[in-house]
Amino acid sequence: MKNVILSTSVVLFGLLTLTACSGDGGSLTGDPDPNGPGGSLIPGLPGAEAPPPEKVCFDQQQGYVGLGGIALHSSRAEALPGVDRDRFKPFSSLSGEFRRALGTPNAPNLQNSAATFGDAPPRFFAEPKATAVNLFEAYQVAFRLCEATNTTGSFASAPTEAAARTECASWERKAWSRTPTPADIDSCVKIAVTDSITENPPSGQRQTTPVRRWAYACATVYASAGFLTY
Amino acid sequence: MSKFNRRSFLKAVGIGAGAAVGTRLAGPGFMPDAMAQNSGAGKPAVLVIYLGGGYNALFGSAASFMNTAFGVTAGNTAQVPGGPLVDASFNRLPKAAFDKISTVQINHRSSDHGGGQRGGQSEGGPVGFAIQLASSMGGDGTIKMATVGGGNVNGLAGTMNGTSIQNIGDARSTIDALKGNDTLADRAIAAKAIEQSQAMSAGRFAASPKGLTHLKDGYDTVRATLTKTATPYDYAAVLPGYGVTGTAINNFNSKIAAAELMIRAGANVVYAIDGGWDTHGDRDGSNVRNMMNTRIIPPLITFFNRMWVNNTEPVQRNVNVVIMGDFSRSLPGSDHATGCAATIIGANVKVGGFQRVTNNVGFDPNRPSGRGFFSLLGALTKTAGAPFGANAHPDLAV
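Residues numbered from 1 in each chain as written. Chains lettered and ligands numbered in written order. Predicted model: local features only at pLDDT ≥ 70, side-chain atom pairs only at ≥ 80, totals over all residues. Heavy atoms only, no water.

*Asks:* Explain the overall build of chain B to me, and be specific about the residues and the numbers.
*Replies:* In terms of regular secondary structure, chain B is built from 12 helices and 11 strands. Relative to the 2.2 N^0.38 estimate, which gives 21 Å for 398 residues, the radius of gyration of chain B is 21 Å and therefore close to what a compact globule would have. Dimensions of chain B along its principal axes, counting C-alpha atoms only, are 65 × 50 × 40 Å. Burial statistics for chain B: of 398 residues in total, 60% are counted as buried. (Helix = DSSP H or I, 4+ residues; strand = E, 2+ residues; numbered from the N terminus. Rg over C-alpha atoms; globule rule 2.2 N^0.38 Å. Buried < 20%, exposed > 50% of the residue type's maximum accessible area, 1.4 Å probe, protein only.)

See the structure below:
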C-alpha cells in the first residue's frame, strides 16, 4: 500500500512539473529554427514570420524602488529580446569544429593558431574577440585543412559550375547546420569557378591547381560568421 | 655622472638634440639618403606602454621625492636637459629619446583600478580615446589600432569609423597577411574569398549588430589588408631584431617587437600592456625600478634605436611613446594615488612643460583627465580634427 501511494505521488508530481514547463517551445524565441538563415528572430529580416511585439525588457520585468524613491532598475541595459545573441566561438571549440565539419578527426594539431585567437590559459576564461588577424588566421587554417582533405574524386579536377554547386551546398550545410540559400551557394561557387583560376604569390604568377581552387572555395565557407559564431 | 659630462661636451661642440652618441657618429647616420629620421613632421604613431596596476611617479617626477620617499636619491635619477628629473633607468635610452622626455598629469580623481583605467581611457564613454585618436589620425594602415600580446584595460574598447582594437597574439598571421607566402592562400584570391564570406555572414550581422561589431570590422580590415600591394619591408626581420625567436607574442620583449611591426605596417596607435605593477608595499621603489630596468627598458632601447636612431626604412616617422598606468602609487605604502603622472617621449614634446606631482603624490586640481591627455597626443601627432578639442596641455607640445 505504501508503495502504491508513493508511486502515485511521484506520477502526480511529474505531471505537475510537466504542466509547469509545458507550452510552445518557440514562444520563448519566436522562432522554431534558431539556425535559420538571416537570424529570423529579428522582425523584418528574411525568414521572420509574424513580427513579434516590440517589447523591451523594461516592459516585462519587475521594477524595484529603493530608498529615496530611486528606481533601482533604471540603469538596466535595454534591448529587444533575441537581438545580439551571437558570440565568437572560442578557439578551444573552434579547433574541434573544424575537424567535425570537415570530417577530419585526425587533422593536424591547430595549437599553433591558439595564440592568434587569444586562447585563454587553462582554468582562465576570456571572452573571445574577433579581429582581422584571427579572422585571416581562420581562413588560413580552413584553407590548409581543405587543401589537405579534399584531394580525390571531384576535387582532382578543376571545379565546374555544377560540381561546385554540389560541393558548396554540402560544405555550407555541414558548417552552418542549416540549408544554405541560393545566394550563399553562389558566393562559394564564384570563388571556385571564377576567382581562383590564377595565383600571384611572391614567386610569380601561376595556374592554380584544382585542389587549391577547391580549397579557396571551401575555406570561404569556414571563414563565414555562420561557422565562426554561435 | 659621466654621461652628463659627455652630453655637455657634445652639446658644446654643436651636436644638437636629435643626434645620437657613440658609434652613430661615424656610422650611416650621416647618410641621410640611406635612412629616415624621426621628426615631428614625420608619419605619426603612438606606442602606449600600459603598466597594469599603476605607474610610480618616481619615474617621471623624481624631484618630488628626492631623499624623502620611494628611495629617490641623486644617485638614481637623471636630468632631462631643460625637462624633468627622471629615474636613472630612462638614462639608458638613446640620447635622442632621453632628451625628449616629459611628464604629464592625468588627473582622473579615482583610486580604484577600474575607475582609474576608465578615467584615463574613456572617462566612461562608449569609445576609448585611443580608438578615437587612431581613427582620426587617418593614414594608409589597414589596422589602425592594435594591442600586442593581449591584455585588458577598462575603457579601451569600442569602434569608431571602422577602427576597433585588433589584438596581435602571434605575428605570423599578420606577416602572412602583409607579405603573402608561396604555400599559403594567395592574398588576392583570399581577399575575394573573404568578401564572399562576409556576404554569407550578412544575416548574422543583422541579428547581432553590436555583438559582432568586431567581426564585421574584421572582414573589412582583412579585405583592405589583402588588396593592398605588399610592401617590400622585411617584416619577418623585426622580431629577430629584438632577440625574439618564433612569432608568438608572449613576453614584453616580443610585445615591443610586434609594436614596431604594427607601426611599420601602418598602425596609428599600439598598446603594449604589461602586468604586475600593483606594487603595494614597495616603499623604496626597488620593485618597480627592477621591473623597469629588466623588463621595460631593454626592448625600448631597441625600439628607439630602430625607429628613431637607425631607421633603415625610407619613411620619415614621428613615433611617440607613452608610459602610463592606472594611477601613480601613493605614499607612504605605494598604494593608489588619484591620478597618473604619465611619461611622454616624442619629437614634438616640449620637455620644459613637465608637470610634477606634489611630494605627497598630489595632482593639480586644474589638470584634466584622459580626454585632456589624449588632446595632447593629438597635438603631438599633429592630428587634424582630433576629437578631443584644443590641446589641454599646450605647454607640452612644440
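*Asks:* Before we move on, could you go through the sheet that holds strand β8 (residues 317–325) of chain B and cite the residues and values that matter?
*Replies:* Residue and element names in this part refer to chain B. With respect to topology, seven strands assemble into an open sheet ordered β4-β11-β8-β1-β7-β5-β6, the strand pairing being mixed. Each edge of the sheet is formed by a strand with only one pairing partner; in this case those strands are β4 (101–106) and β6 (166–168). Averaged over all pairs of adjacent strands, the angle between their axes in this sheet comes to 25 degrees, without regard to strand direction. One ladder, built from six bridges, connects β4 with strand β11 (residues 340–345); its direction is antiparallel. Bridge pairing in β11 places V104 opposite A342. (Pairing = 2+ DSSP bridges. Axes fitted to C-alpha atoms, helices over the stretch in contact; angles between N-to-C directions.)

*Asks:* Tell me what's going on with the pairing of strand β1 (residues 38–51) of chain B, and back it up with residues and numbers.
*Replies:* Residue and element names in this part refer to chain B. With 11 of its 14 residues buried, β1 lies for the most part within the structure. Sheet topology places β1 next to β8; 10 bridges connect them, and they run parallel. Across the sheet, K43 pairs through a bridge with R317, a residue of β8. Across six bridges, β1 lies against strand β7 (residues 269–274) in parallel orientation.

*Asks:* Can you explain the environment of R204(B)? Please cite residues and give values.
*Replies:* Mapped onto the elements, R204(B) comes out in helix α7 (residues 202–207). Sequence separation between R204(B) and T68(B) is 136 residues; the distance between their C-alpha atoms is 60 Å. A distance of 3.2 Å separates polar atoms of two side chains, one belonging to R204(B) and the other to T229(A). (Polar contact = N/O pair within 3.5 Å; in protein donor to acceptor, adjacent residues only side chain to side chain.)

*Asks:* Please provide a residue-by-residue account of empty space enclosed by the protein, values included.
*Replies:* In this structure the tally under the stated criterion is two cavities of 30 Å³ or more. Approximately 130 Å³ is the volume attributed to the largest cavity. In terms of lining residues, the largest cavity is bounded by 14 residues, among which V133(A), I143(B), T174(B), A177(B) and T225(B) are the most central. Per element, the largest residue contribution to the lining of the largest cavity is four residues, and it comes from helix α5 (residues 171–179) of chain B. The residue makeup of the lining of the largest cavity, split by class, is nine nonpolar, five polar and no charged. (1 Å grid on protein atoms, 1.4 Å probe; cavity = no way out; pocket = protein on both sides within 12 Å on 5 of 7 lines; lining within 4 Å. Points joined across faces, edges and corners; volume = space filled by probe spheres on them. Nonpolar A, V, L, I, M, F, W, Y, C, P; charged D, E, K, R; others polar.)

*Asks:* Tell me about the interface of chain B and chain A, and name the residues and values.
*Replies:* On the chain A side, the residues contacting the 47 residues of chain B number 55 residues. Note on chain B versus chain A: buried area summed over both sides is about 4,000 Å², and carbon and sulfur give 59% of it. Contact with chain A buries surface across chain B, with I189(B), M200(B) and R204(B) losing the most and accounting together for 19% of the total. At the boundary of chain B and chain A, one finds two salt bridges. The closest approach of N and O atoms between D86(A) and R204(B), which form a salt bridge, is 3.0 Å. Those elements that provide at least two residues to the side of chain B that touches chain A are β6, α5, α6 (187–200), α7 and α8 (213–227) of chain B. In terms of residue count, α6(B) provides more of the side of chain B that touches chain A than any other element does, nine residues in total. Partitioning the side of chain B that touches chain A into residue classes produces 21 nonpolar, 17 polar and nine charged. (Contact = heavy atoms within 4.5 Å. Buried area = accessible area lost by both parts, 1.4 Å probe. Salt bridge = Lys/Arg side-chain N within 4 Å of Asp/Glu carboxyl O.)

*Asks:* Any details on the pairing of β4(B)? Residues and values, ideally.
*Replies:* Of all six residues in β4(B), six are buried; the element is thus mostly enclosed. The alternating pattern of β4(B) places I101(B), T103(B) and Q105(B) on one face and S102(B), V104(B) and I106(B) on the opposite face, and all of these are buried.

*Asks:* Account for the state of the cysteines, with residues named and values stated.
*Replies:* Residues and elements named next belong to chain A. Across all of its chains, the model carries two disulfides over all chains by this definition. Each sulfur in the disulfide pair C146 and C218 lies 2.0 Å from the other. Looking down the S-S bond of the C146 and C218 bridge, the torsion is -60 degrees, so its handedness is left-handed. One end of the pair, C146, is in helix α5 (residues 132–149); the other, C218, is in helix α8 (residues 210–222), and 72 residues separate them in sequence. Overall, the relative accessible area of 0% leaves C218 in the buried class. The side chain of C168 participates in a disulfide bridge whose partner is C188; the two sulfur atoms lie 2.0 Å from each other. One disulfide, between C168 and C188, carries an S-S torsion of -75 degrees and so falls in the left-handed class. Here C168, found in helix α6 (residues 161–176), pairs with C188, found in helix α7 (residues 182–195); they are 20 residues apart in sequence, far enough to count as distant. (Disulfide = S-S within 2.5 Å.)

*Asks:* Please provide a residue-by-residue account of helix α10 (residues 252–264) of chain B, values included.
*Replies:* Residues and elements named next belong to chain B. For α10, spanning 13 residues, the distance from its first C-alpha to its last is 18 Å, which sits close to the expected 18 Å at 1.5 Å a residue. A large share of α10 lies buried, amounting to 12 of its 13 residues. Along α10, the positions that sit buried rather than exposed are F252, S254, K255, I256, A257, A258, A259, E260, L261, M262, I263 and R264. G266 occupies a position one or two residues after α10 and carries a positive phi of about 110 degrees. (Expected span 1.5 Å × (residues − 1).)

*Asks:* So, unusual backbone geometry: which residues are in play, and what are the values?
*Replies:* Residues and elements named next belong to chain B. For the bond from L331 to P332, the omega torsion is 5 degrees, close enough to zero to count as cis. Its place among the elements puts P332 in the loop between β9 (329–330) and β10 (335–336). At E123, a residue that is not glycine, the phi angle is positive and equals roughly 50 degrees. Relative to the helices and strands, E123 resides in the loop between α3 (113–121) and α4 (129–136).

*Asks:* Explain the side chain of K100(B) to me, using residue names and the numbers behind them.
*Replies:* All names here are of chain B. Following the sequence through the fold, K100 ends up in the loop between α2 (95–98) and β4. Here K100 is buried and forms no salt bridge, its nearest opposite-charge partner D99 lying at an N-O distance of 8.8 Å. Within the local environment of K100, its side chain forms a polar contact with the backbone oxygen of A347, the two atoms lying 3.3 Å apart. A polar atom in the side chain of K100 sits 2.8 Å from the backbone oxygen of V349. Setting aside chain neighbours within four positions, we find K100 in contact with W308, I344, I345, G346, A347, V349 and V351. (Lys, Arg positive; Asp, Glu negative; His and termini not counted.)

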